[in-house]
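# Coordinate inspection notes
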Amino acid sequence: MTAPPASRRLQTLLVRGALALLMVGLLVRAVSRFVPGGSLVGAYNSDMAIPLLMTRGSWLGLFDVYYYGQDRYGAWPYLLARAAHQVFGFDWTAVSLHQAYVAAALLTAVPLALLSRRAGLVAAAAWVLIAVTNPSLGRSYLGSAQPYGFQGVVLCGAWAVLHSLMSRPERPRRRLAALAVLSFLSIWMSTTSGPFLTVLLGMEVLGRWRAVPWRGLLRRVVPIGGMVLLGVLGERLLRTGFRYAAQRDYNVPVRTWVHLDLGHLLENLRAVAEVWSRDGGWLVLVLAVVGTGVFGVLALRRPREARGDETPAGGETLLLAASAVAVAALNFAVCVAVNHVRLNDYNERYLALTHLFLAVAAALVVLAALEALLAHRLVALEAVVPLLALGLLGAAYLRMPEPEPLAEERVLEDTARALQPEQGERVVLGNYWHTYVYAALARPGAVVAVPAEKQYLRTPFDLERLRAADAVVVNHEGMESFGPASAPYTLISQYGVLLRLERPATPREGFSLYTPVRQVLSATPEPVLRDWRLCTGAGQQATLRFESSGPVVLLVRSAGVREGSPLPRVELDGRALPVDVLPDFYRVRVDVPVKPTEWLALGGISGLKEDAPGCRVRDVFVLPEAVARSLF
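The structure displayed is predicted, hence computed values, not measured ones.

Conventions we followed
Residues numbered from 1 in each chain as written. Predicted model: local features only at pLDDT ≥ 70, side-chain atom pairs only at ≥ 80, totals over all residues. Heavy atoms only, no water. Helix = DSSP H or I, 4+ residues; strand = E, 2+ residues; numbered from the N terminus. Buried < 20%, exposed > 50% of the residue type's maximum accessible area, 1.4 Å probe, protein only. Contact = heavy atoms within 4.5 Å. Areas by Shrake-Rupley, 256 points an atom, 1.4 Å probe, with all protein chains shown as cover. Salt bridge = Lys/Arg side-chain N within 4 Å of Asp/Glu carboxyl O. Pairing = 2+ DSSP bridges. Axes fitted to C-alpha atoms, helices over the stretch in contact; angles between N-to-C directions. Patch = residues over 30% accessible without salt bridge, like charges linked within 9 Å, V, L, I, M, F, W, Y side chains within 5 Å. Core = buried A, V, L, I, M, F, W, Y, C linked by side-chain atoms within 4.5 Å. pLDDT = per-residue confidence, 0-100. Parallel < 35°, antiparallel > 145°, perpendicular 65-115°, else oblique. Left-handed = near helix turned anticlockwise from the far one by under 90°. Nonpolar A, V, L, I, M, F, W, Y, C, P; charged D, E, K, R; others polar. Phe/Tyr/Trp six-rings, centres within 6.5 Å; stacked < 30°, edge-to-face > 60°. Lys NZ or Arg CZ within 6 Å of the ring centre and 35° of its normal. 1 Å grid on protein atoms, 1.4 Å probe; cavity = no way out; pocket = protein on both sides within 12 Å on 5 of 7 lines; lining within 4 Å. Points joined across faces, edges and corners; volume = space filled by probe spheres on them. Expected span 1.5 Å × (residues − 1).

Moving on to the overall build of the protein chain. Counting secondary structure elements, the protein chain contains 21 helices and 15 strands. Its C-alpha atoms give the protein chain principal-axis dimensions of roughly 110 × 50 × 45 Å. In the protein chain, buried positions account for 52% of the 632 residues. Across the protein chain, contacts joining residues at least 24 apart in sequence account for 72% of those joining residues at least 6 apart. Here the protein chain displays about 29100 Å² of accessible surface, and carbon together with sulfur accounts for 60% of that area.

Okay, here's the thing in structure tokens:
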């Protein structure tokens, strides 16, 4: 005997209520466990710090629209967080911003649940289960330094709207507008969303092949494809403006050069497959592949007599499973095909979406099998589906690992507090990984991070604060060009600023205090300084014009110069001048006044290779003798 309709509705409501409550509990547990400083996510680092610094920053126009310093990671979530800070006074911290990110990543379950009345619940539960139990996803997908959490929620939202438009094309205007917005946001977050949405649309067409007349398919596909294309073009326009603003305002290149990695494709395939296999499930892969194969056979062999039957080949569940596999496979193919992944050591983060969409596909294949088995027992099927979703979410809740605290996190926090001054701000110069992290963990605005030259400079607008600083704290960790903390160099130069050692580092802290040398004479190099090369041969020379009323010392900075390095020939009006070496500097003594009509010539060094230390000149400083005497 079947249960009365009212009882069935009550049962459905109870199960769905249990699903909602379990999801809330799971969110609460996840945001408290997947936090920086724990073993699941890892220690807080400079990549995680940039979003927090963006939320605390001031508005910079188009330079704000992407993660500082590169053009492949959209920043709209952090602009919203900044607006919340400025409008409502909410003070973001490293933990609270990360918790917001984790919540958004797991709330991808909401648009997935809206994909389909039955399949959506299972897809949502599978997404959450793999996200919180797969170790590599804890470090990448649930790590706030990555775009995947925000990309996933809007990408799956766009997928849900796209599927709805293909399934129910009536009255599409609002849904088309929503698709345009969601497509733009997902592509802005990561340009890979454009190909993903295109593949999802193609799978929808394949699922309805021969069932819907081609004219009817075109009437659906053209406006949907137009909205996706609108998102692609909108993001492209935004990215062009960002690149222009970065070049115009800060003279920094932000373009990510990505190309087909010809000559390395087989090597890439092996390496990416090995990375996936560390945490990927082979059963998941087999289920996904089998389900996709069944869908493909049913779609391609669908009889023409099926025309008029709007049901996708193999049913809606199998179509959604095959669509998820298509996205996972495309993401894997991109990782194999482009050079960017190889240049970043095949990092596991690039496969995050492959893990997630494969898990969704495998769960949907299981559901499709259940639907086939219970095809004539719809009441049982309606009861089984929410129970399956409930089981998956329950497994996610119970199997979510406990984090272990990391000792280095306490060290980072203590160091950040030690660096922040009681009032004002303090500039910290050093390695990328040992600067921004302290600026984010310190009191807002108290520490200004400036990575050294040749490091990732995410905040070029802070260079003026370095040049205006009365003192600069130098972190020696990971920076050979500053000398070891036990024996820091007396003089260093960064971004055209000459710094003198004021207080060397103690063995415990590893930070030295430097002060800028302000008494520098104006000089005009010819050619411009960035074109100076001392490795062009003895027959080449560069010149420097300046005026002095007495003896001066010339410091020519060239990275890597040490005692014993070959010396350039330096002349003043044909008279050779003495040259010696300090760490990273050629030192030239000029013992007579220099008139405006005279110039100093630096000759090239014979036999010096292009990439050798001492080839490229980065800075030139002309110091009065009295100032130089106080430095050496």
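On to the pattern of salt bridges. For the structure shown, the criterion picks out 23 salt bridges. When the shortest N-O distance is used, the salt bridge between Arg239 and Glu235 registers 2.9 Å. Residue Arg239 and its partner Glu235 are both found in helix 11 (residues 214–250); the two are separated by four residues, about one turn of the helix. Both residues of the pair, Arg239 and Glu235, count as buried.

A few words on the sheet that holds strand 7 (residues 523–526). Backbone hydrogen bonds hold the strands of a sheet together, and the pairing may be parallel or antiparallel. The strand order across the open sheet formed by five strands is 7-8-14-10-11, and the pairing between neighbours is antiparallel. The open sheet has two edge strands with one neighbour each: strand 7 and strand 11 (575–576).

A separate point is the sheet that holds strand 9 (residues 552–557). If you walk across this open sheet you meet the four strands as 12-13-9-15, and the pairing is antiparallel. With partners counted over all chains shown, the strands left at the sheet margins are strand 12 (579–582) and strand 15 (619–624), one partner each. Across the sheet, the axes of successive neighbouring strands diverge by a mean angle of 25°, strand direction being ignored. Bridge count between strand 9 and strand 15: six bridges; the pairing is antiparallel. Pairing of Val553 across the sheet is with Leu623, part of strand 15.

The next point concerns the pairing of strand 5 (residues 497–503). The side chains of a regular strand alternate between the sheet's two faces. Both strand 4 (residues 491–494) and strand 5 contribute to a ladder of four bridges, which runs antiparallel. Its bridge partner lying in strand 5, Gln494 is registered against Val497. Counting the residues in the hairpin turn of strand 4 and strand 5 gives two residues, including Tyr495, whose phi is positive at 55°. Where strand 5 meets strand 6 (residues 511–516), four bridges bridge the pair, whose relative direction is antiparallel. Following the sheet pairing, Arg503 is matched in strand 6 by Leu513.

Together, Val286, Val290, Val294 and Leu298 make up a nonpolar patch on the protein surface, roughly 320 Å² of accessible area in all. Positionally, Val286 belongs in helix 13 (residues 282–300). On the basis of relative accessibility, which here comes to 47%, the residue Val286 falls in the partly exposed class.

As a rule of thumb, soluble globular proteins bury nonpolar side chains together. Core analysis: the largest hydrophobic core is formed by 157 residues, its most contacted members being Phe34, Leu106, Tyr141, Phe357 and Leu364. Per-element tally for this core: the top contributor is helix 6 (residues 119–133), with 13 residues. In contact with Leu364, not counting residues within four places along its chain, are Ala119, Val122, Ala123, Thr317, Leu320 and Ala321. Formed by 27 residues, the second largest nonpolar core is a distinct cluster that contains Leu554, Val556, Leu602 and Cys615.

With that settled, consider the confidence of the model for the protein chain. Residues of the protein chain with pLDDT of at least 70 account for 95%, and the chain-wide mean is 90. Considering each helix and strand of the protein chain separately, the mean pLDDT is smallest for helix 1 (residues 5–33), with a value of 83, and largest for strand 2 (residues 447–451), with 97.

This brings us to the packing of helix 8 (residues 148–167) against helix 14 (residues 316–337). Where helix 8 meets helix 14, the closest approach of the two axes is 13 Å, and the angle between their N-to-C directions is 140°. With respect to their mutual orientation, helix 8 and helix 14 come out oblique. For the pair helix 8 and helix 14, the sense of crossing is right-handed. Taken together, the residues of helix 14 that come into contact with helix 8 (itself represented by Trp159, His163 and Ser167) are Glu316, Leu319, Leu320, Ser323 and Ala324. Along the lines of polarity and charge, the residues of the contact of helix 8 with helix 14 split into four nonpolar, three polar and one charged.

Enumeration over the complete set of coordinates arrives at 22 aromatic pairs. Taking the centre distance of 5.4 Å and the plane angle of 70° together, the rings of Tyr68 and Phe461 count as edge-to-face. Taken together, the residues Tyr68 in the loop between helix 2 (46–56) and helix 3 (76–88) and Phe461 in the loop between strand 2 and helix 20 (463–468) connect sequence positions 393 residues apart. Among the residues examined, Tyr68 registers a relative accessible area of 2% and is labelled buried. Each ring, one from Tyr73 and one from Tyr78, has its centre 6.3 Å from the other, and the planes form 65°; the classification is edge-to-face. When its relative accessible area of 3% is taken as the criterion, Tyr78 is described as buried. An aromatic cluster of three or more residues is present, and its members are Phe63, Tyr66, Tyr68, Phe242, Tyr250 and Phe461. Here Arg255 stacks its cationic end above the ring of Trp257, 4.8 Å away from the centre of that ring. Sitting over the ring of Tyr456, Arg458 keeps its end group 5.0 Å from the ring centre.

Which parts of space are left empty comes out when a probe the size of a water molecule is rolled across the atoms. Applying the stated criterion to the full structure yields one cavity of 30 Å³ or more. Approximately 30 Å³ is the volume found for the largest cavity. Element by element, the count of residues in the lining of the largest cavity is highest for helix 4 (residues 94–106), at three residues. In terms of residue class, the lining of the largest cavity is built from four nonpolar, two polar and no charged.

Right, let's get into helix 4. The terminal C-alpha atoms of helix 4, which comprises 13 residues, lie 19 Å apart, in line with the 18 Å expected from a rise of 1.5 Å per residue. Within helix 4 the residues assigned to the buried category are Ala94, Ser96, Leu97, His98, Tyr101, Val102, Ala104, Ala105 and Leu106.

Let us now look at the pairing of strand 6. Within strand 6, five of the six residues are buried, which leaves it mostly tucked inside the rest of the structure. Both strand 3 (residues 472–475) and strand 6 contribute to a ladder of four bridges, which runs antiparallel. Along strand 6, the bridge assignment pairs Asn475 with Phe511.

This next bit is on unusual backbone geometry. One non-glycine residue with positive phi stands out, namely Arg171, at about 45°. When you line up the elements, Arg171 lands in the loop between helix 8 and helix 9 (173–189). Using a relative accessible area of 76% as the deciding quantity, one classes Arg171 as exposed. Even without a glycine there, the phi angle at Asn251 is positive, about 55°. With respect to the secondary-structure elements, Asn251 resides in the loop between helix 11 and helix 12 (265–279).

At their nearest, the axes of helix 9 and helix 10 (residues 193–207) sit 8 Å apart, and the two run at 135° to each other. Judged on the interaxial angle alone, helix 10 and helix 9 are oblique. Listed contacts from helix 10 to Ser183, Ser186 and Ile187 of helix 9 are Ser193, Gly194 and Leu197. Here the residues of the contact of helix 9 with helix 10 sort into two nonpolar, four polar and no charged.

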